[in-house]
Amino acid sequence: MALLEIKNLHVEIDGKEILKGLDLTVNAGEVHAIMGPNGSGKSTLAYVLAGKENYTPTAGEVLFNGKNLFGMQPDERAAAGLFLAFQYPLEIPGVATMTFLRTALNAQRNKRGQAELSTPEFIKKVREVAGKLGIDQDMLRRAVNVGFSGGEKKRNEILQMALLEPRLAVLDETDSGLDIDALKIVADGVNRLRAPDRSFVVITHYQRLLNYIVPDVVHVLSHGRIVKTGGKELALELEARGYAEYQEEAVA
Amino acid sequence: MNAEVTPIRTAAETALAQSFAQARESLPGDDAVAAQRDAAFDVFAKEGLPHRRVEEWKYTDLRALMRDAKPLAPPPDATAKAVAKTAGARVGDVEARRLVFVDGAFLEELSDISGLENGLTVRSLADALADADPALTNHLGKLAPGSDVAVALNTAFMGDGAVIRIAAGATVERPLHLLFVNSGKPAATFVRSLIVVDAGARAMLIESHEGPAGADYQVNAAVELFVGDAAHVDHVKIVGESADALHVSTLAAAIGARARFNAFTFTAGGAIVRNQLFLNFDGEGTVAAVRGATLINGRQHADTTLVANHIARDCQSREVFKSVLDDEAHGVFQGRIIVRPHAQKTDAKMMTQALLLSERAEADNKPELEIFADDVQCGHGATAGALDDELKFYLMARGIPPAEAEALLIQAFLGEAIEGIEHAGLREALTDQVAAWLKARGGR
């Protein structure tokens, strides 16, 4: 069953069209990789799915679990099970990581009509998840992402994902700026969450991450459209040959 | 009155003059105090209410803002006392010794002045004035700047207040809470307190002001605070007046050597609020933290005006003031750090930040440094801006609804100021006040 269906999606930022008729279907349980050169619209896709302001869909539709995604605010999308791991996770001075996590989790539970977790229940759950991801308790005591290294910030995104247990996680260049050890931790976190009813869209510039998160489907995004779709071997091809031919193809 | 007198023009100015003429004979105090009142009133008669051409009042034009002057509040009756019984919720669960003032008059029956700790003495100002208590008269008017018209009016009309002394070396564990309550009468109160904390003593002072919602009244409050050498004093003021009230208050403090002094001003209530702090660092080696948080909306106007006067050397002062302004609210911060020629090695840093939640809100920040010594570290910074949309989006992308996301960011913004309050109970009480304000604000 299709969890995410994107049909002929056009998106503008400040009057400039970035996505130009993008089609993508992600079934439950699948991992899709979206690869493409810089400026092809990868991050735009991630942001428009999450509902960022000024990313304006001008045509097409996106169905998430059968519902029109654009009818929902960002927080409603999150509560419906959509998660975006940010390429550049933000620092929030003055907001403790634990407060942030608890507020997010309980807000989602509230919206889904589930009971909020009590403080002890919540702490137990966070410790459990953090432990599996090798996240230091000290990190949880600090303000959200403040003073975190690049790797710590990405790990924090994965922690949030693991805690919030989304139906669909979109990872926007989560591998950028990570050394091989951090990359393995992040990939391990994702693989642990793979489940028959959970899907992933892994956006990346490089094939490297896909050695650790093995995709079911690989797409090439160029000039705002999916120009090629294949299996995991497509990623290796791209690594070997580069994006040049797809850039030309899209222009043509 | 002399020939240069500015004619009294506004209705409020006329009413104040009439009030003084009527009340002059019956206000408490001996001839010396009466002379002090007359001299103070002359300052007002000469200057009139402060207006925008008076630099210190540039952003708070009291002459324009004060449409009338309320009559002096009558002594509290049974109804007024009943209102006061339920007052004081803003300090939460803090176990404090309460001194309750209703419509400006000390109410012993609602106050707790039994079993005073060793070294602590408490009187009402009215009593101390009536019998010319030298403990009072030796100090009264020594700190509050008489040239300031708000202070002058306070001195002219002061009816009651607290006179507190904490003897050298005494530690008063229980916070002292001066609770000023308006009963709902459209009246004016002028309260004046004198607090003397002798060398090495420790005290925690809470001053709160409140009145029932919708009540239109005027409060002019002043505190003169003497902090002795090596004393440790915290002063937390909570302005929780009704949203229609006028509140002008002054804290004038002289701080001795090697002291610890922390002041916090929390403003959420009042239609027009002016908080004045005049701090003199008279002794060497003192460490002070002067902070504040303001949360206002509607058409509220709140002005914090601070003068930190470093007279002695080797003192450190930190000033942090944060304001959150919604709707058409107007926040003003004027902060001046003065470093006198002998105040070498002064380390003074001031930061003021305004968060504008609406395009119609206005923040005026005026930080000033006047440095006459050559070996000092001083600085100031001021910012004003809206909530960060990127941060809000990040929070929302995690499922946090917009109102809650804004609330988290606002709490974080104020946190830096509020978390500096040493007393855990008060810190929590004010954090709760912020949460209540945000809850009332609701979603956008």
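All values derive from a computational prediction rather than experimental measurement.

## Some words on the overall build of chain A
Across its full length, chain A carries nine helices and 12 strands. In terms of overall size, chain A behaves like a compact globule, its C-alpha atoms giving a radius of gyration of 18 Å where 252 residues would be expected to give roughly 18 Å. Within chain A, buried positions represent 42% of all 252 residues. Nonlocal contacts in chain A, meaning residues at least 24 apart in sequence, comprise 72% of its contacts between residues at least 6 apart.

## Describing the domain arrangement of chain B
All names here are of chain B. Looking at chain B, the domain boundaries give domain 1 (11–283) and domain 2 (388–444). Placing the centre of domain 1 and that of domain 2 at their C-alpha centroids yields a distance of 31 Å. At the junction of the two partners, domain 1 supplies 14 residues and domain 2 supplies 11 residues. Elements represented by at least two residues in the side of domain 1 that touches domain 2 include exactly strand 7 (202–210), strand 9 (232–240) and strand 11 (260–267). Here the side of domain 1 that touches domain 2 takes three residues from strand 11, the largest share from any one element. Here the residues of the side of domain 1 that touches domain 2 sort into nine nonpolar, two polar and three charged.

## Considerations on the sheet that holds strand 9 (residues 168–172) of chain A
Residues and elements named next belong to chain A. Spatially, six strands are ordered 6-9-10-3-11-12 in an open sheet, and the strand pairing comes out mixed. Here the strands that pair on one side only, and so sit at the sheet edges, are strand 6 (82–85) and strand 12 (225–230). Across the sheet, the mean angle from the axis of one strand to that of its neighbour is 20°, orientation sign disregarded. Running over the sheet, helix 1 (residues 42–50) touches strand 3 (31–35), strand 6, strand 9, strand 10 (199–204) and strand 11 (217–222) and is turned about 140° from strand 6.

## Considering the environment of B:Met66
Mapped onto the elements of the fold, B:Met66 is located in the loop between helix 3 (62–65) and helix 4 (78–85). The spatial distance from the C-alpha of B:Met66 to the C-alpha of B:Glu13 is 9.1 Å, given a sequence separation of 53 residues.

## Structural notes on the interface of chain B and chain A
Taken together, the contacts link 18 residues of chain B with 22 residues of chain A. Secondary-structure elements contributing two or more residues to the side of chain B that touches chain A are helix 8 (389–396) and helix 9 (402–418) of chain B. Looking at the side of chain B that touches chain A element by element, the count peaks at seven residues for helix 9 of chain B. By residue class, the composition of the side of chain B that touches chain A is 11 nonpolar, two polar and five charged.

## Some words on the sheet that holds strand 4 (residues 55–64) of chain A
All names here are of chain A. The strand order 2-1-4-5 describes an open sheet built from four strands, whose pairing is antiparallel. The sheet is open, and its two edges are formed by strand 2 (16–27) and strand 5 (67–68), each paired on a single side. Sheet topology places strand 1 (residues 2–13) next to strand 2; nine bridges connect them, and they run antiparallel. Of the residues in strand 2, the one forming a bridge with Ile13 is Lys16. Here helix 1 sits on the sheet and contacts strand 1, strand 2 and strand 4; the angle it forms with strand 4, its principal contact strand, is near 70°.

## Details of the environment of B:Ala15
Residues and elements named next belong to chain B. With respect to the helices, strands and loops of the structure, Ala15 is situated in helix 1 (residues 11–23). Ala15 sits in the partly exposed class, given 17 other C-beta atoms within 10 Å. In the structure, Ala15 is positioned 55 residues away from Lys70 in sequence and 7.7 Å away in space, judged by C-alpha atoms.

What counts as what
- Within every chain, residues take consecutive numbers counted from 1 along the sequence as written.
- Just so you know, chain letters begin at A and ligand numbers begin at 1, following the order they were written in.
- Local features in a predicted model are, by the rule used here, given only for residues with pLDDT of at least 70; side-chain atom pairs are given and counted only at 80 or more, and totals for whole chains, interfaces and linings are based on all residues.
- By the criteria applied, helices consist of DSSP H or I runs no shorter than four residues and strands consist of E runs no shorter than two, each listed in order from the N terminus.
- Throughout, the radius of gyration refers to the C-alpha atoms, and the reference size of a globule is 2.2 Å times the residue count to the power 0.38.
- With C-beta atoms placed from the backbone, a residue is buried if 20 or more other C-beta atoms are within 10 Å of its own, exposed if 12 or fewer are, and partly exposed between those counts.
- Two residues form a contact once the distance between their C-beta atoms, set from the backbone, is within 7 Å.
- How far each domain reaches was decided by an automatic or database domain assignment.
- Polarity classes work like this: nonpolar for Ala, Val, Leu, Ile, Met, Phe, Trp, Tyr, Cys and Pro, charged for Asp, Glu, Lys and Arg, and polar for all others, with Gly in that last group.
- DSSP bridges decide pairing: two strands pair if at least two such bridges lie between them.
- Angles run from 0 to 180 degrees between N-to-C directions of axes, and those axes are lines fitted to C-alpha atoms, restricted for helices to the stretch in contact.

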